[in-house]
Structures are given as structure tokens and as C-alpha cells.
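Structure at a glance
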Amino acid sequence: MFGLIGHLTNLEQAQTVARDLGYSGLADQDLEFWCSAPPQTVDNITVTSVTGQTIEGRYVESCFLPEMLANRRIKAATRKIVNAMAHAQKIGLDITALGGFSSIVFENFNLNQIQRIRNITLDFKRFTTGNTHTAYIICRQVEQAAPKLGIELSKATVAVVGATGDIGSAVCRWLNTKTDVADMILVARDRARLQALQEELGRGKVMGLEEALPHADIVVWVASLPKGIEIDFDSLKKPCLTIDGGYPKNLDSKLKHPGVYVLKGGIVEHSLDIDWRIMKLVNMDVPTRQMFACFAESMLLEFEKWYTNFSWGRNQISVEKMQAIGDVSIKHGFKPLLSIVES
Ligand code: NDP
């Protein structure tokens, strides 16, 4: 059986979802309460592949909220993740994806050192970050959405914001070897890591965000921001394709900007309806079919019985592994989301 460990994007959303799920006692609780709330199994899932194979899974809500990081509630944040992992293992899940910030918290705070949670010894082979499939899907979104806007990759500059991250570096590797993209701009804060990536790729310009944006035909957003940032949309090229793979979303824009197109990044659509309710609660447009690519990775590992931590550690995602997970993604009926909207 597969598992998904997820979290909501902010306290307000957590309160709304608690109300919708019938946990009315939780709906008025503040961040302090969520810091002490235990993990919960909140959904039972049945997924059928286009091959006809059917699998079962569980969704575990970790009760982590990105505000815990912003408010320096680090201990609470780390406890949420390891407790959710222990819960997943206890209920017998064979392979579980660490969605959104779960894997970032796990890696950034070296939680692999905390293997023992009460009477459970965590078996890390049962967990995957899902980042290989996420990176693959974002790359396919770049390749398939750009031509729809008349952007030719062979003439385009792609800026990757969060380029040195786990997903960002994988996206850069793929674009570098699998496409004929004209130029890449690498954006992040740590200069030394940017230079190391530039050396590995053998190309790419290192720039700050504001400097990079006016040069980009395509912007891939995969920075681990606890909340969206505002940018100067007027500074972007027209047309500009922005693919926002962050969770929570990196971009914060409620206004319309003609010529700037936004695609929800790292989202897949399954070919068949899925019997679950959780994607409705995180506001997917087609909740019976759409989901985060990291969650789909644990489904794919279950379909293929690849019970291993397929995506693990940091910045080790190879193009070969992206291709391998991409092949089984197609085989089981998942497609990259391609509904582009003018922002
Ligand atoms: P990482 O922590 O590995 O990488 C984050 C990257 O963002 C680093 O390059 C970091 O570099 C950069 N960054 C952080 N803050 C800033 C900033 N203020 N300005 C510019 N760059 C910044 O994260 P992941 O690659 O694991 O995840 C990236 C995003 O993808 C997250 O939002 C995550 O929630 C989301 N995600 C989406 C999934 C999906 O299925 N759609 C699945 C998994 C994750 P530096 O610190 O040097 O700035």
C-alpha cells in the first residue's frame, strides 16, 4: 500500500479544511494548537492505472504548516515530519511520498539522524521525496507548454529560480542534456552553490532574481519559499511562460498581466478518476484527476512494486532516473498539466 504525507499551505487554509472535514473543534484553533496536533490518516485512496491495475493508499496529514518555519517553531516543524513518517510506517504503508515541505524539513534539519520515534525505528527505504517525478513533470511542462505560446526552446532563455535545490538542479540537468534550450539563468541566494552548479552544467548565467527576470522567456519557480513573493510583472518579457512548481506557490499575484502566462508546475493529471477527497481540499481544478507529481511518484512506485526510496538525499537526481520514472508515469496514464492561464 502507498502513502502520501501532506500538509496545508497556511493556517487559514488548515482551519477551512478542518471545518470541511467535519473536525469543527479544530477550525478555530491557532498556530500553537497545530504545533501540538498529532498526524492523522484523513483519506483512503483507490487508484486504477490505464493498464487496469488497481492499488490502495492512505493520505496522512502531518499537521505541519509553513508558518512554523516563518515563526521559528523549528522543533514543532521537525516533530510533525518524523511523527507523520512513524505514523505511516505504523499503519503499514510500503512506500510513502514526503510532499511539499516535508522533504525539505527532513533534509534541512538532518532528520535522518532521528531514526527512533517512540517504539518505531524508521525504515527510510519506505519513503521517497517524489522530487524525481516532480522535476521530470516540470521539464515536460516546459517542453510542451512553450510551443503553445510560440516560444521556441532553441531560441529561449529559461531562468530557474531555486536552481541549486533538489528539484531545480534536476530541472537544469534535464534542460541541459535533453533539450536544445538556448540559454539558462541560475537563480538562488548561495553563490558558492550556484557556481558549483554552473561548473557541473558547463553553462548557465548566475544572476539575482531582479536582474534575471527581464531576460527570461520561461521562468521555472522552484524556490522553497514559505509564502509567495511579489514580483514586478512589468519587467517580464511578453510572452513569458512562468511555471510555478512551489508549494506553497512562489508567485503571489492577483492582478492580470497581459502576455504573462502561468502554469501550475509539478502537477499531473491522471487519465482516470481517483476515489479520494483530499485534492478537492487543496483546490485542484479537477480534484478527481489532478495531483502533485510527488504524490504520483509514490503511486508509480507502488504500481511497479519498486519499494525503495527512489528520490532521496539532496541534488542527486539524474536524468536517467527522471526518464525511468517518466516512462512509468506515461505507462500508468499520468500527464503533465498543461492548462496555461494568462496571469
Ligand atoms: P530545496 O530546499 O532543495 O531547494 C530550494 C531552492 O530555492 C534552493 O536553490 C534555494 O537556494 C532556493 N531559494 C530558497 N529561498 C530563496 C529565495 N528567497 N530566493 C531565491 N532562491 C531561493 O527545495 P526542493 O527542490 O525540494 O523544493 C522546491 C519547491 O518545490 C518547494 O516549494 C516544494 O514545496 C515544492 N515541491 C513541489 C512538489 C510537487 O509535487 N509539485 C513536490 C515537492 C516539492 P538558496 O537557499 O541558496 O537561496
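**Concerning the overall build of the protein**
Helix and strand counts for the protein come out as 12 helices and 17 strands. Taking 20 Å as the expected radius of gyration for a compact globule of 343 residues, we find that the protein reaches 19 Å, a close match to that expectation. Here the C-alpha coordinates of the protein stretch approximately 55 × 45 × 35 Å along the principal axes. Looking at the protein as a whole, 57% of its 343 residues qualify as buried. Within the protein, residue pairs in contact and separated by at least 24 positions form 69% of the contacts whose partners lie at least 6 positions apart. Total accessible area on the protein stands at roughly 14400 Å², and carbon and sulfur atoms take up 49% of it. The distance from the centre of the 37 positive side-chain charges to the centre of the 38 negative ones in the protein is 4 Å.

**Digging into the sheet that holds strand S4 (residues 95–98)**
Pairing within the open sheet is mixed, and its 5 strands lie in the order S2-S3-S1-S4-S7. The open sheet has two edge strands with one neighbour each: strand S2 (40–48) and strand S7 (127–128). Bridge count for strand S1 (residues 2–6) against S4 is 4 bridges, and the pairing is parallel. The residue of S4 that forms the bridge with isoleucine 5 is leucine 98.

**A closer look at the packing of helix H11 (residues 293–304) against helix H12 (residues 319–331)**
Direction vectors running N to C along H11 and H12 enclose 80°, while the axes themselves pass 10 Å from each other. Compared by their axis directions, H11 and H12 come out roughly perpendicular. In this structure, H11 uses Glu297, Leu300, Leu301 and Glu304 to contact H12, whose residues at the interface are Ile325, Val328, Ser329 and Lys331. The class makeup of the residues in the contact of H11 with H12 is 4 nonpolar, 1 polar and 3 charged.

Calculation criteria
- Residues numbered from 1 in each chain as written.
- Predicted model: local features only at pLDDT ≥ 70, side-chain atom pairs only at ≥ 80, totals over all residues.
- Heavy atoms only, no water.
- Helix = DSSP H or I, 4+ residues; strand = E, 2+ residues; numbered from the N terminus.
- Rg over C-alpha atoms; globule rule 2.2 N^0.38 Å.
- Buried < 20%, exposed > 50% of the residue type's maximum accessible area, 1.4 Å probe, protein only.
- Contact = heavy atoms within 4.5 Å.
- Areas by Shrake-Rupley, 256 points an atom, 1.4 Å probe, with all protein chains shown as cover.
- Lys, Arg positive; Asp, Glu negative; His and termini not counted.
- Charge placed at Lys NZ, Arg CZ, Asp CG, Glu CD.
- Pairing = 2+ DSSP bridges.
- Axes fitted to C-alpha atoms, helices over the stretch in contact; angles between N-to-C directions.
- Parallel < 35°, antiparallel > 145°, perpendicular 65-115°, else oblique.
- Nonpolar A, V, L, I, M, F, W, Y, C, P; charged D, E, K, R; others polar.

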